[in-house]
Amino acid sequence: MSRGAEPDRGAIEFAERLIALLDEGAYTATYKFAVLLALLDSCLEGTSAAGAPPDSVATADLARRVTELYWPQTNPYAGLSGTAILRQNSSGQAEIIRDIRRFRERNAPDPSTPLAEARAKAPLQFAHLLETVEWKLIEMPLPRLQVMGRVHDPFIYRIGWDAHVKRPQTRVAGFDARVHFVGKAAEYLVQLGGLLRPLIETKWANRILRFNRQMVSDAGLPEFLFGAERVSLGAVRPVLRELQGDRCFYCGGGLRSAAEVDHFVPWARWPDNGIENLVASHPGCNNSKRDFFAATRHLEAWLPRFDQTSGLGRNLRDTAGALDWDTHPARTLSVARAFYLHLPGTAKLWLSRDAFENADRPRIVALLAS
Ligand SMILES: [Zn+2]
């Protein structure tokens, strides 16, 4: 008998321990959820050309991702009175939320401003914000995240610094501002991300409900916190249409007035609006694809966007520059590798409206691995 069909106890045990951490109640802020999602995303974004997850992740990268996650959440929430924002701490407000909120009030008062635009408008202030967020992660949630009851059980990562470090010491040469993954933790985060992400988001939303009992209405809370609709994609739609010759990315049919912007790597798997991940499509094709991964032929049609020597790659980068839109092709390509190179043998990929096909593994490896 092949052992291949048996569940990998390592991955399951890892998932069980991580879920137990989510329910651990000692935490007073929502940092735990943000940091876990940031770790998950960092594993995806740091996947090598050969498909291997990273050994470690820099605290600066975690700070960037945590800030991106909290960005839409630091807007006034319609279910509260006036212009109040959601509380993300058991008493008072979480410091990171306060810092992001302050940055927004000073530099990007319009709630619809995407993070990339705010960063482009106030680069120095944004760099300062990221430094502050990074220090807060180093000081508190990262050393304490893996505490169950009173026991420190580092099964996901080990921190590269002393838990009692003071801020000036982080600026000393040789300070190891990284978390180092333990065993196969990074691999498990990539493998289990599709299951863990919605679970972490649900627990996060529930914690916010507990912290905001004065809420008038919680309808639409998950969408407010994590939804793709929080940033208008309207600004990039005409450019994507033009780059695609006004044809649907998936079926090649002519686009009419109601073209939509689709996330090639599904938002539910990796919430990110980098321009390389966006394609224009028919509403029908977009609706049918939903949270599925696109078929091998679509992957092949998508990859020229990462070729910076091609007109298309340059065009996308120039467009992002002109619109102050987010662009990070290396990260986006790493995420595609993390998913496509780890697809199970039985994976069905979305081909066209109501049609799926098996993943063409050798072709995918030839396209993505280098
Ligand atoms: Zn179409």
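Residues numbered from 1 in each chain as written. Predicted model: local features only at pLDDT ≥ 70, side-chain atom pairs only at ≥ 80, totals over all residues. Heavy atoms only, no water.

**Focus: the nonpolar core**
In this structure, Leu18, Leu39, Ile156, Trp302 and Tyr340 are the most contacted members of the largest nonpolar core, which totals 110 residues. When residues are assigned to domains, this core turns out to be shared by domain 1 (3-229) and domain 2 (233-368), each giving three or more. In this view, Leu18 contacts Leu36, Phe155, Ile156, Leu189, Leu196 and Ile200; residues no more than four positions away in its chain are not counted. (Core = buried A, V, L, I, M, F, W, Y, C linked by side-chain atoms within 4.5 Å. Buried < 20%, exposed > 50% of the residue type's maximum accessible area, 1.4 Å probe, protein only. Domains from an automatic or database assignment. Contact = heavy atoms within 4.5 Å.)

**Describing the coordination of the zinc ion**
The protein atoms that coordinate the zinc ion are Cys248 (SG), Cys251 (SG), His282 (ND1) and Cys285 (SG), at distances of 2.1 to 2.4 Å. The coordination sphere of the zinc ion comprises 4 donor atoms, whose angles at the metal cover 92 to 123 degrees; the geometry is tetrahedral. Mapped onto the sequence, the donors of the zinc ion take the spacing C-x2-C-x30-H-x2-C. With Cys251 in the loop between α10 (237-243) and β6 (260-263) and Cys285 in helix α11 (residues 283-289), this residue pair connects regions lying 34 residues apart in the sequence. By relative accessible area, which is 2% here, Cys285 ends up buried. (Donors = N, O, S within 2.8 Å, 3.2 Å for Na, K, Ca; no water. Tetrahedral: all angles 85-135°; square planar, octahedral: opposite > 155°, others 65-115°. Helix = DSSP H or I, 4+ residues; strand = E, 2+ residues; numbered from the N terminus.)

**Let's talk about helix α6 (residues 123-139)**
Taking 1.5 Å per residue as the helical rise, α6 with its 17 residues ought to reach 24 Å, and the 24 Å between its terminal C-alpha atoms agrees with that figure. Along α6, the residues classified as buried are Phe126, Leu129, Thr132, Val133, Glu134, Trp135, Lys136, Leu137 and Ile138. Looking at the buried positions of α6, the neighbouring elements they touch are α2 (31-45), α3 (59-70), α4 (95-107), α5 (115-121) and α7 (141-144). (Expected span 1.5 Å × (residues − 1).)

**Describing the domain arrangement of the protein**
As far as domains go, the protein holds domain 1 (3-229) and domain 2 (233-368). Look at where the C-alpha atoms of domain 1 and domain 2 centre, and you get two points 26 Å apart. Contact with domain 1, which involves 22 residues of that partner, is made by 19 residues of domain 2. With both chains or domains summed, domain 1 and domain 2 bury close to 1,700 Å², and 55% of this area falls on carbon and sulfur atoms. Of all residues in domain 1, the largest losses of buried area upon contact with domain 2 belong to Leu44, Glu45 and Ala228, amounting jointly to 26% of the total for that side. The interface formed by domain 1 and domain 2 contains 4 salt bridges. Of the charged contacts in the structure, one is a salt bridge between Arg331 and Glu68, with a shortest N-O distance of 3.6 Å. On the surface where domain 1 and domain 2 come into contact, there are 12 residue pairs in polar contact (both at pLDDT 80 or more). (Buried area = accessible area lost by both parts, 1.4 Å probe. Salt bridge = Lys/Arg side-chain N within 4 Å of Asp/Glu carboxyl O. Polar contact = N/O pair within 3.5 Å; in protein donor to acceptor, adjacent residues only side chain to side chain.)

**Quick notes on the environment of Asp262**
Assignment of secondary structure puts Asp262 in strand β6. Taking relative accessible area as the criterion, Asp262 reaches 4% and is therefore assigned buried. Between the alpha carbons of Asp262 and Glu24 there is a distance of 36 Å; along the sequence they are 238 residues apart. Excluding residues within four positions of it along the chain, Asp262 makes contact with Tyr250, Asn277, Leu278, Val279, Ser281, Asn286 and Lys289. Of note is the side chain of Asp262, whose polar atom sits 2.5 Å from the side chain of Tyr250.

**Some points on the pattern of salt bridges**
Think of it this way: side chains of opposite charge can pair up when their charged atoms draw near. Taken as a whole and judged by the stated rule, the model has 24 salt bridges. Between Arg65 and Glu45 there is a salt bridge whose closest N-O contact spans 3.7 Å. With Arg65 in helix α3 and Glu45 in helix α2, this residue pair connects regions lying 20 residues apart in the sequence. Summarising the burial analysis for this pair, Arg65 and Glu45 share the class buried. One salt bridge in this structure joins Asp262 and Lys289, with 3.3 Å as the shortest N-O distance. Of this pair, Asp262 sits in strand β6 while Lys289 sits in helix α11, and the two are 27 residues apart along the sequence.

**Considerations on empty space enclosed by the protein**
Applying the stated criterion across every chain yields a total of 2 cavities of 30 Å³ or more. Estimates place the volume of the largest cavity at around 430 Å³. Looking at the largest cavity, it is lined by 21 residues, and the ones nearest its centre are Glu68, Val231, Trp267, Pro271 and Asn273. Going through the elements one at a time, α3, α5 and α9 (221-226) are the ones with two or more residues in the lining of the largest cavity. (1 Å grid on protein atoms, 1.4 Å probe; cavity = no way out; pocket = protein on both sides within 12 Å on 5 of 7 lines; lining within 4 Å. Points joined across faces, edges and corners; volume = space filled by probe spheres on them.)

**A word on the layout of surface pockets**
Of the volumes computed, that of the second largest pocket is approximately 480 Å³. In terms of lining, the second largest pocket is formed by 16 residues, of which the most central are Gln191, Arg269, His342, Leu343 and Pro344. At the level of secondary structure, the elements contributing two or more residues to the lining of the second largest pocket comprise α8 (185-211), α14 (329-340) and β8 (348-352). Of the residues forming the lining of the second largest pocket, the biggest block, 3 residues, is contributed by α8. For the lining of the second largest pocket, the class distribution of residues is 10 nonpolar, 3 polar and 3 charged. The residue makeup of the lining of the second largest pocket includes at least three contributed by each of domain 1 (3-229) and domain 2 (233-368). (Nonpolar A, V, L, I, M, F, W, Y, C, P; charged D, E, K, R; others polar.)

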